[in-house]
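The lines below spell out each chain.
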Amino acid sequence: MTVNANPDAGVNTWRDLPAAQQPDWPDSEALRDVIAELESYPPLVFAGECDQLRERMASVARGEAFLLQGGDCAEAFDAVSAEQIRNKLKTLLQMGAVLTYAGSVPVVKVGRIAGQYSKPRSKPTETRDGVTLPSYRGDSVNGFEFTPEARTPDPQRLKRMYHASSATLNLVRAFTTGGYADLRQVHAWNQDFVKNSPSGQRYEALAREIDRALNFMNACGVDPEEFKTVEFYASHEALILDYESALTRVDSRTGNLYDVSGHMVWIGERTRQLDGAHIEFASRIRNPIGVKLGPTTTPEDALTLIERLDPEREPGRLTFITRMGADKIRDRLPTLVEKVTASGAQVAWVCDPMHGNTFEAASGHKTRRFDDVLDEVKGFFEVHKSLGTHPGGIHVELTGDDVTECVGGGDEIFVDDLHQRYETACDPRLNRSQSLDLAFLVAEMYRDQ
Ligand SMILES: O=C[C@H](O)[C@H](O)COP(=O)(O)O
Ligand SMILES: C=C(OP(=O)(O)O)C(=O)O
C-alpha cells in the first residue's frame, strides 16, 4: 500500500538542481494543475513488486540470472492496441525462452513498456525547409507531426501518458498471468511473419525440444505452477521529473519512497550529471535503478554514481547499462568494471548495444547495423570473461512488428529496404526476427562463457 508523498519526505529535492532535457512548458499554471491531478491518481505498480524486481536484479548482480530488457524506443499513444502489445510481449517471451533454454540461465524479463513515452534529444529544435520547431520529445510532451501546434509541449499529455501506461500494464498483466505466457504456448508465440524466417524456424526446433521436456516432466508427474505464468516487469527512462515525482509515493509498510510509475526506472546518458536533478531524484526512491553509461564515463563517475545511488552496496539496487558503441566497448569497459569491482560494489552490468551504434543512412533514415549490435554484445562478453565478472544482460530497442529500421540480420534487411516499414518515432528498433537472431547468438555467448 502506498500513500501520497509529502514534500518533507524528500521527493522534491531535485527541484533545486539543474534538470536537463525538461520541456519548455508554455503554461506553468496548467502544469501545476496536471501535477496535482497526477498526485491523486492510484499507483501503476506496487512497492512490493519493485522490491521483488530488486531481488531478481540482485541475482543478476551475483551472476545467477540474466536480464532481458527490451521494447520500443518511444511508445506512442496511438499504438496502445492489443495487437501491438501482444506482439511486443511475444517477442520478449520468445527471446526469454531462447535465452533460458539455450543459455541455461534464469532470465529476468523487463519491458521498455508502459511508460516509455519521453525522449531526450540531441538538439532542442528541428528545422525542415527553413522552418524551425521544437524537437519531438515523446508523446508525453508533444506530437510527432511537424506543425507548431503539435510540437508545442502540452502538460495534458502527461495525463495521457499515465492512462496509456495503465491500459498497457493492465493488458500485460492479463497476458502474463492469464494463460498466454504458459510455457505450453511456446509454439503459439511463433506466429505470423516470423514463423518462416530463419530465426523463426530455429525457434520452432527449440520450441519442440521444450515441448518434449515438458511432456517428460508431465509424465513424471511434475507440472510446476511457475511454467503457467511469467514474471514480467515494466521499466522506462525517468526523464520528465514532474511526472515521475507526481507518481512517487510513500510505502506505508516501510515509509520509503517508490516511484510507482514503473517497477524499474533508469537515468539516461544525457541526464546522469552527478550534481543534477535526475540523480538526486533517483537517490530518493527505493526502486531498482538503472543508469546508462556512454563512452565518456570515467571510473570516478561510476564510483560517484554508486556512492549517490547505492551507498549501502545492495546487490540489485543499481544496474549499469553500458552503451559504448561496438568500436569502443573493448577499450572503455574494462577499466570501469575493474574499478567498480575493486570498490566492493555489486552492481549488475547490462549491455545496451543500440545507442552507441546509430548512424544516418544516405536515405536520411537513422539506422543501426545488426552486425554492430552483435559486435558490441560480443565485446561486452569478452570484457567480462577476461575480468571474471558477470555479463548480466542486454537492453534492446525492439518491436514485435515486421518493421525495416535496422539493417542486417538472418532475414536480411538492406539499406534500400529501410523506407518500406520505417515506423519508429525516434530511434531504429530490431524487428522480431532480428530480435530472435540476437537472442540465439547471445544464448550461445552465454553458454560459452
Ligand atoms: O533514444 C535515444 C535518444 O532519445 C535518441 O537517440 C536521441 O536522438 P537524436 O540524436 O535524434 O535527438
Ligand atoms: C535515450 C536512451 O538511451 P541513452 O540515454 O543511452 O542515449 C534510451 O534508451 O531511450
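Residues numbered from 1 in each chain as written. Chains lettered and ligands numbered in written order. Predicted model: local features only at pLDDT ≥ 70, side-chain atom pairs only at ≥ 80, totals over all residues. Heavy atoms only, no water.

Put simply, the rule reads: UniProt positions are given in the numbering used here, feature names are shortened, and annotations may be inferred rather than shown by experiment.
Under an unreviewed UniProt entry, the name given to the protein chain is Phospho-2-dehydro-3-deoxyheptonate aldolase, and the organism recorded is Streptomyces taklimakanensis. We quote the UniProt Sequence similarities (unreviewed entry) comment for the protein chain here in full: "Belongs to the class-II DAHP synthase family."

**A short note on the side chain of Asp310**
Stated formally: Here a helix means four or more residues in a row that DSSP labels H or I, a strand means two or more in a row labelled E, and each is numbered from the N terminus. Throughout, exposure labels follow a simple rule: accessible area from a 1.4 Å probe, protein chains only, divided by the maximum for the residue type, with under 20% read as buried, over 50% as exposed, and the rest as partly exposed. For the purpose of charge, His is not counted, nor are the chain termini; Lys and Arg are scored as positive and Asp and Glu as negative. We define a salt bridge as a side-chain nitrogen of Lys or Arg found within 4 Å of a carboxyl oxygen belonging to Asp or Glu. Each polar contact in these results corresponds to two N or O atoms within 3.5 Å; when the atoms are within protein, one needs to be able to donate a hydrogen and the other to accept it, and residues that are neighboring in sequence are counted only if both atoms are side-chain atoms.
Within the element layout of this structure, Asp310 appears in the loop between helix 9 (299-309) and strand 11 (318-322). Buried charged residue Asp310 carries no salt bridge. Nearest counter-charge: Arg317, at 5.3 Å. For Asp310, the side chain forms a polar contact with the main-chain nitrogen of Glu314, separated by 2.8 Å.

**Some remarks on the site of ligand 2**
So the rule is basically this: One heavy atom within 4 Å of a molecule or strand makes the whole residue count as near it. Exposure was quantified through the Shrake-Rupley algorithm and a 1.4 Å probe, taking into account, for residues, occlusion by the shown protein chains and nothing else. Any residue with an atom within 4 Å of a point lines the site, the site being either a cavity, points on a 1 Å grid over the protein atoms alone where a 1.4 Å probe fits but cannot get out, or a pocket, an open set with protein on both sides within 12 Å along at least 5 of 7 lines. More than half of a molecule's atoms lying within 2 Å of a cavity's or pocket's grid points is what places that molecule inside it.
Near ligand 2, the surroundings consist of 13 residues, among which Arg112, Lys119, Glu269, Lys292 and Arg323 are the closest. In this structure, an oxygen atom belonging to ligand 2 sits 2.6 Å away from a side-chain N or O atom of Lys119. In the model, an oxygen atom of ligand 2 is placed 2.7 Å from a nitrogen or oxygen of the Lys292 side chain. Protein chains shield 98% of the accessible area of ligand 2, which is 290 Å² for the free molecule. Taken atom by atom, the bulk of ligand 2 overlaps the largest pocket.

**A word on the UniProt feature "binding site: Mn(2+)" (unreviewed entry) in the protein chain**
The following threshold applies: The contact criterion used is simple: two residues touch if any of their non-hydrogen atoms lie within 4.5 Å.
Within this numbering scheme, the UniProt entry marks Cys73, His355, Glu397 and Asp427 as carrying the feature "binding site: Mn(2+)" (unreviewed entry). Their sequence span is 355 residues, while the largest C-alpha to C-alpha distance among them is just 10.1 Å; these annotated residues converge on one region. For the largest pocket, the lining residues among the annotations just cited are His355 and Asp427. By the secondary structure assignment, Cys73 is in the loop between strand 2 (66-71) and helix 3 (82-103). Residues within four places of Cys73 in sequence aside, it is in contact with Arg112, Gln116, Lys119, Glu397, Thr424, Cys426, Asp427 and Arg429. Along the chain, Glu397 turns up in strand 15 (residues 393-397).

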